[in-house]
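A structural walkthrough
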Amino acid sequence: MEDGNFFEQSFTEIISSAHDLLTTTLFHLQNTQVSLLTLIIFFLFLIAFIIASRVAKGILLSRVLTRFEIESGLRYTLARMSQYIIVTIGVLISFQFIGINLSSLAVIFGFLSVGIGFGLQNITSNFISGLIVLFERPISVGDRVKVAGIEGDVLEINIRATKIRTLNKISIIVPNSEFVSSNVINYSHGDPEFRLDISVGVSYGSDLETVVKALKEVAEENKTALKNPEPQVHLISFGDSSWDMELWVWIPDVKRYPFVRNDINQAIVHKFREYGIEIPFPQRDLHMRSSVDLPIKNSSKEEKKRTDESKDEDEKQN
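In this report, we go over the structure that sits alongside the text. (Residues numbered from 1 in each chain as written. Predicted model: local features only at pLDDT ≥ 70, side-chain atom pairs only at ≥ 80, totals over all residues. Heavy atoms only, no water.)

Here's the deal with the packing of helix α7 (residues 208–221) against helix α8 (residues 257–275)
With their axes 9 Å apart at the nearest point, α7 and α8 run at an angle of 140° to one another. In terms of axis orientation, α7 runs oblique to α8. α8 is crossed by α7, and the crossing has right-handed handedness. In this structure, α7 contributes Thr210, Val211, Lys213, Ala214, Leu215, Glu217, Val218 and Glu221 to the contact, and α8 contributes Ile264, Ala267, Ile268, Lys271, Phe272 and Tyr275. Partitioning the contact of α7 with α8 into residue classes produces nine nonpolar, one polar and four charged. (Axes fitted to C-alpha atoms, helices over the stretch in contact; angles between N-to-C directions. Helix = DSSP H or I, 4+ residues; strand = E, 2+ residues; numbered from the N terminus. Parallel < 35°, antiparallel > 145°, perpendicular 65-115°, else oblique. Left-handed = near helix turned anticlockwise from the far one by under 90°. Contact = heavy atoms within 4.5 Å. Nonpolar A, V, L, I, M, F, W, Y, C, P; charged D, E, K, R; others polar.)

Below you can see the structure in the form of structure tokens.
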């Protein structure tokens, strides 16, 4: 019995000690006492609302918004904004539940403003830029873009950065401020059609009408190229060893241009061989000429002269 009372007393002491540890006041936020238990409840509420926001975003994207005739970029923006709203509401409810009123938040925001002044400018800039990107929508999920020398498709637009998948299937995280402060090429903005320019040089001895005919046939035989607008062939410039021609072809999807470019380039090689059109390569002829006799040549003449003189002297003596 004594052992049982001992263990029961020890367990009670442990519970009492844990309670004292959790309820001990760590600091005061204005008139509110903040303890370890208060912080645990606060973070549990935050985690719950964050999970709820992600679930709500997934339901909106996959079930609700797909029933309406809304483009994918706008659907993503609406779902992302609903996620932010739920998280914001969760933060406010969490503060209110643990007894911290909204006036006390001014103190927290005051500390945050000091932190921003000492080194969080970049994070704040990216956050505000992310909101601008979501509302103004210069880019949307699924667009083919080129920013800071990086070309790829937009996968996600998050609070701080945007995830882009390059043509090599590599995911790159680009800060949102790059899309606001830098020049951004959005190939998919408004119209997914794209004009593909194919450059090729032909020798000056080629028949120009045949070259134009061959290039137009290549464009017309390509299954991806659009018939309207019609393909065009242009003589761009006169190079050192060739006419610099350019074939303009419109394709319906900009994301397919690397594959269409490859198909057209190969077709041009076959078509030029069929018509006997030459694609020249740079050639240089080097001519060497000397205005004076070479030293080795002069020395040979002098040696021959000395030989002839010695022969003449021998003949005289004989």
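More follows now that the structure is in view.
Observations concerning the side chain of Lys271
Residue position: Lys271 is located in helix α8. According to the relative accessible area criterion, Lys271 is buried, its value standing at 8%. Engagement of the side chain of Lys271 in a polar contact is seen with the side chain of Glu221, the distance being 3.1 Å. In this structure Lys271 touches Ala214, Glu217, Val218 and Glu221, once residues within four positions along its chain are discounted. (Buried < 20%, exposed > 50% of the residue type's maximum accessible area, 1.4 Å probe, protein only. Polar contact = N/O pair within 3.5 Å; in protein donor to acceptor, adjacent residues only side chain to side chain.)

Topic: the nonpolar core
Formed by 25 residues in total, the largest nonpolar core has its most connected members in Leu215, Met245, Leu247, Ile264, Ile268 and Phe272. The set of elements that each furnish at least two residues to this core consists of β8 (194–202), α7, β10 (243–251) and α8. Beyond its immediate chain neighbours, meaning those up to four positions away, Phe272 contacts Val200, Val202, Val211, Ala214, Leu215, Ile277 and Ile279. Counting residues in hydrophobic clusters, the runner-up holds 14 residues, among them Leu134, Val147, Val154 and Ile164. (Core = buried A, V, L, I, M, F, W, Y, C linked by side-chain atoms within 4.5 Å.)

Focus: the sheet that holds strand β9 (residues 232–238)
One open sheet accounts for three strands, arranged β8-β10-β9; its pairing is antiparallel. Two strands in the sheet have a free side with no partner beyond their single neighbour: β8 and β9. Adjacent strand axes in the sheet meet at a mean angle of 25° when their direction is disregarded. Alignment of β8 against β10, held across nine bridges, turns out to be antiparallel. Among the inter-strand pairings, Arg195 is bridged to a residue of β10, identified as Trp250. In this fold α7 packs onto β8, β9 and β10, with an angle of close to 25° to the strand it touches most, β10. Most of the contacts of α8 go to β8, to which it runs at about 30°, and overall it touches β8 and β10. (Pairing = 2+ DSSP bridges.)

Describing α8
For α8, spanning 19 residues, the distance from its first C-alpha to its last is 26 Å, which sits close to the expected 27 Å at 1.5 Å a residue. For α8, the full list of buried residues reads Tyr257, Val260, Ile264, Ile268, Lys271 and Phe272. The arc enclosing the buried residues of α8, seen along the axis, measures out at 100°, which places them on a common side. With respect to the buried face of α8, the exposed residues turned more than 90 degrees away are His270 and Arg273. (Expected span 1.5 Å × (residues − 1). Arc of directions from axis to C-beta.)

A short note on the packing of aromatic side chains
Going through the model one piece at a time under the given rule, you end up with four aromatic pairs. Aromatic side chains Tyr204 and Trp243 sit 5.7 Å apart centroid to centroid with 70° between the ring planes, which places their arrangement in the edge-to-face category. Within this pair, whereas Tyr204 is found in the loop between β8 and α7, its partner Trp243 is found in strand β10, the two being separated by 39 residues in sequence. The class of Tyr204 is partly exposed, set by a relative accessible area of 37%. Through pairs of rings, three or more aromatic residues link up here, namely Tyr187, Phe194 and Tyr257. Above the face of the Trp248 ring, Arg195 is positioned so that its terminal group lies 3.7 Å from the ring centre. (Phe/Tyr/Trp six-rings, centres within 6.5 Å; stacked < 30°, edge-to-face > 60°. Lys NZ or Arg CZ within 6 Å of the ring centre and 35° of its normal.)

A few points about the pattern of salt bridges
A complete count under the given rule lists six salt bridges for this structure. With its nearest N and O atoms 3.9 Å apart, the salt bridge here joins Glu151 to Arg144. Taking relative accessible area as the criterion, Glu151 reaches 16% and is therefore assigned buried. One salt bridge in this structure joins Lys271 and Glu217, with 3.3 Å as the shortest N-O distance. Here Glu217 lies in helix α7 and Lys271 lies in helix α8, a separation of 54 residues in the sequence. Judged by its relative accessible area of 18%, Glu217 is buried. In this structure, a network of salt bridges that share partners links the residues Glu217, Glu221, Lys271 and Glu274. (Salt bridge = Lys/Arg side-chain N within 4 Å of Asp/Glu carboxyl O.)

Here we look at helix α5 (residues 121–136)
With 16 residues, α5 extends 22 Å from end C-alpha to end C-alpha; this agrees with the ideal 22 Å at 1.5 Å per step. Within α5 the residues assigned to the buried category are Asn126, Ser129, Gly130, Val133 and Leu134. One side of α5 holds all its buried residues, which, seen down the axis, span an arc of 135°. Residues Phe135 and Glu136 are exposed on α5 and point more than 90 degrees away from its buried face. Count one or two residues on from α5 and you reach Arg137, which has phi positive near 60°.

Here's the deal with a nonpolar patch on the surface
A contiguous nonpolar surface patch, about 520 Å² in accessible area, is contributed by Ile47, Ile51, Val55, Ile59, Val64 and Phe68. Note that Ile47 resides in helix α2 (residues 36–64). (Patch = residues over 30% accessible without salt bridge, like charges linked within 9 Å, V, L, I, M, F, W, Y side chains within 5 Å. Areas by Shrake-Rupley, 256 points an atom, 1.4 Å probe, with all protein chains shown as cover.)

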